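Inside the fold
As a plain string of letters, each chain reads:
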Amino acid sequence: MKHLRTISILLAALCAIALSFKGLREPDLWWQIKTGEWIIAHGKVPTEDVFSYTQKGQPWINIKWGFEVVAALVSNFLGSENVFILQGLVLLALLFFLFQLSTEISKKLNAETHATTAFLLLLPLLFISIDYRINGRPEMSSYLLSIVFLWLNLKYRNGNKPVIWWIIPLQCIWANIHEAFAIGVVINLIFLVAVFVEQKILALSPFQPKAFLRQAAAVILSVLAIFINPYGAKMLLQPFSIFNQVFENKYTTELLSISSHQYWQKEAWLATAWLVAGMAFLLFIALKKRAQFRTLSIGYC
């Protein structure tokens, strides 16, 4: 079993690296590199459109500026074709934190070795499923940070007190690299509310006021950390603005309503399959190990 676990880790790592060596299919990457070069040259982040003809001078909230600077540095020093190095690093980091997350869950379920090995064996399939999104886009960071935030919250729930403070600087970084940073706020609030429901309402475990207040303070400070960006308080409303824009985008099927037949491309079916598999796994664990499942946290479920 030990050898199988080692082989599964190597297989997942090789798959992550292999999927990174591919053509850059993302057209947005080129204006993002150019924006990063502009920021490096001028020493500031643009607050208005400096490139286009029809919108020149119009207000511009560019959330992705942090990623754009990194992409520009990679492009300038290694060549734009080597942005795949970022893809490889993100996938390897994703592998690492998924492994840490699965280990944390397995410990709670008293099934560490078997569950973790099975999880690792499925990772190459997961990487292949999300490969079309890991293509030099700044949203790579949102996939990674979503897993990190889940891991930090679950690790805090399992007794590691210092880790909860990490959500503050990470939320600040997230708000400066991709517009999906609101996911971090949602994850943190879900776990905070879950603790209150478990301990105060359902009485599944004794209420720990100090731990709850510490978690609440970290969540509040992480929201305030979003203000640390070139646009200040405007950033808080930007995810809602972008969410409204997706309904106006007619050039991609992924933003269509799920009631539209055009939405159901192979990527949508893959995502649905993973969701169903995940829900089935939770149901299986809930029925198989009821006592351990109760300690896992309502928030993670």
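Here's a quick rundown of the structure. (Residues numbered from 1 in each chain as written. Predicted model: local features only at pLDDT ≥ 70, side-chain atom pairs only at ≥ 80, totals over all residues. Heavy atoms only, no water.)

**Things to note about the overall build of the chain**
When helices and strands are tallied, the chain shows twelve helices and zero strands. Considering the chain as a whole, with its 301 residues, one finds that 45% of them fall into the buried category. Nonlocal contacts in the chain, meaning residues at least 24 apart in sequence, comprise 71% of its contacts between residues at least 6 apart. Total accessible area on the chain stands at roughly 16,600 Å², and carbon and sulfur atoms take up 69% of it. (Helix = DSSP H or I, 4+ residues; strand = E, 2+ residues; numbered from the N terminus. Buried < 20%, exposed > 50% of the residue type's maximum accessible area, 1.4 Å probe, protein only. Contact = heavy atoms within 4.5 Å. Areas by Shrake-Rupley, 256 points an atom, 1.4 Å probe, with all protein chains shown as cover.)

**With respect to the side chain of K155**
Relative to the elements of secondary structure, K155 occurs in helix α6 (residues 140-157). Those residues in contact with K155 that lie beyond four places of it in its chain are E104, N160 and V163.

**As for the packing of aromatic side chains**
With the rule as written, the count across this model stands at seven aromatic pairs. Aromatic side chains F196 and F212 sit 6.0 Å apart centroid to centroid with 45° between the ring planes, which places their arrangement in the tilted category. Placement of the pair is F196 in helix α8 (residues 182-201) and F212 in helix α9 (residues 209-225), with a sequence separation of 16 residues. With relative accessibility at 35%, the residue F196 sits in the partly exposed group. (Phe/Tyr/Trp six-rings, centres within 6.5 Å; stacked < 30°, edge-to-face > 60°.)

**Focus: the environment of E139**
Of note, E139 is situated in the loop between α5 (112-129) and α6. Through-space distance from the C-alpha of E139 to that of A180 is 7.6 Å; in sequence the pair is 41 residues apart. Leave out the neighbours within four places in its chain, and E139 touches R133 and H178. Among the polar contacts made by the side chain of E139, one reaches the side chain of R137 at a distance of 2.8 Å. At a separation of 3.2 Å, a polar atom in the side chain of E139 contacts the side chain of Y143. (Polar contact = N/O pair within 3.5 Å; in protein donor to acceptor, adjacent residues only side chain to side chain.)

**Here's the deal with the pattern of salt bridges**
Evaluation of the coordinates by the stated rule reveals five salt bridges. Between K34 and E37 there is a salt bridge, with the nearest N and O atoms lying 3.3 Å from each other. Of this pair, K34 and E37 both sit in helix α2 (residues 28-42), separated by three residues, roughly a single helical turn. For K34, a relative accessible area of 45% corresponds to the partly exposed category. Judged by relative accessible area, which is 24%, E37 ranks as partly exposed. We note a salt bridge from K266 to E267, for which the minimum N-O separation is 3.0 Å. Under the relative-accessibility criterion, K266 is labelled exposed at 62%. (Salt bridge = Lys/Arg side-chain N within 4 Å of Asp/Glu carboxyl O.)

**Some words on α8**
Its 20 residues give α8 an end-to-end C-alpha distance of 27 Å, which sits within 8% of 28 Å, the value for a rise of 1.5 Å per residue. Listing the buried residues of α8 in full gives G184, V185, I187, N188, F191, L192, A194, V195, E198 and Q199. Residues of α8 that are buried make contact with α6, α7 (167-174) and α9. A203, located one to two residues past α8, shows a positive phi value of around 55°. (Expected span 1.5 Å × (residues − 1).)

**Describing the nonpolar core**
Grouped together as the largest cluster of nonpolar side chains are 70 residues, with contacts concentrated most on L94, F127 and I167. Of all the elements, α6 adds the most residues to this core, at eleven residues. Apart from residues lying up to four places away in sequence, I167 is in contact with F149, L152, N188, A218, V219 and S222. (Core = buried A, V, L, I, M, F, W, Y, C linked by side-chain atoms within 4.5 Å.)

**Quick notes on α6**
Compared with an ideal rise of 1.5 Å per residue, which puts 18 residues at 26 Å, α6 spans 26 Å between its outermost C-alpha atoms and is within 8% of the ideal. The element α6 is largely enclosed, with a buried count of 16 among its 18 residues.

**Looking at the packing of α6 against α7**
Running from N to C, α6 and α7 cross one another at 165°; their axes reach a closest spacing of 11 Å. One way to sum up the angle between α6 and α7 is to call them roughly antiparallel. Regarding α6 and α7, the two cross each other, and that crossing is left-handed. The segment α6 lies against α7, with S142, L145, S146, V148, F149 and L152 engaging I167, L170, Q171 and W174. Taken together, the residues that form the contact of α6 with α7 break down as seven nonpolar, three polar and no charged. (Axes fitted to C-alpha atoms, helices over the stretch in contact; angles between N-to-C directions. Parallel < 35°, antiparallel > 145°, perpendicular 65-115°, else oblique. Left-handed = near helix turned anticlockwise from the far one by under 90°. Nonpolar A, V, L, I, M, F, W, Y, C, P; charged D, E, K, R; others polar.)

So, to be careful, I would describe these as geometric facts and stop short of saying anything about function.
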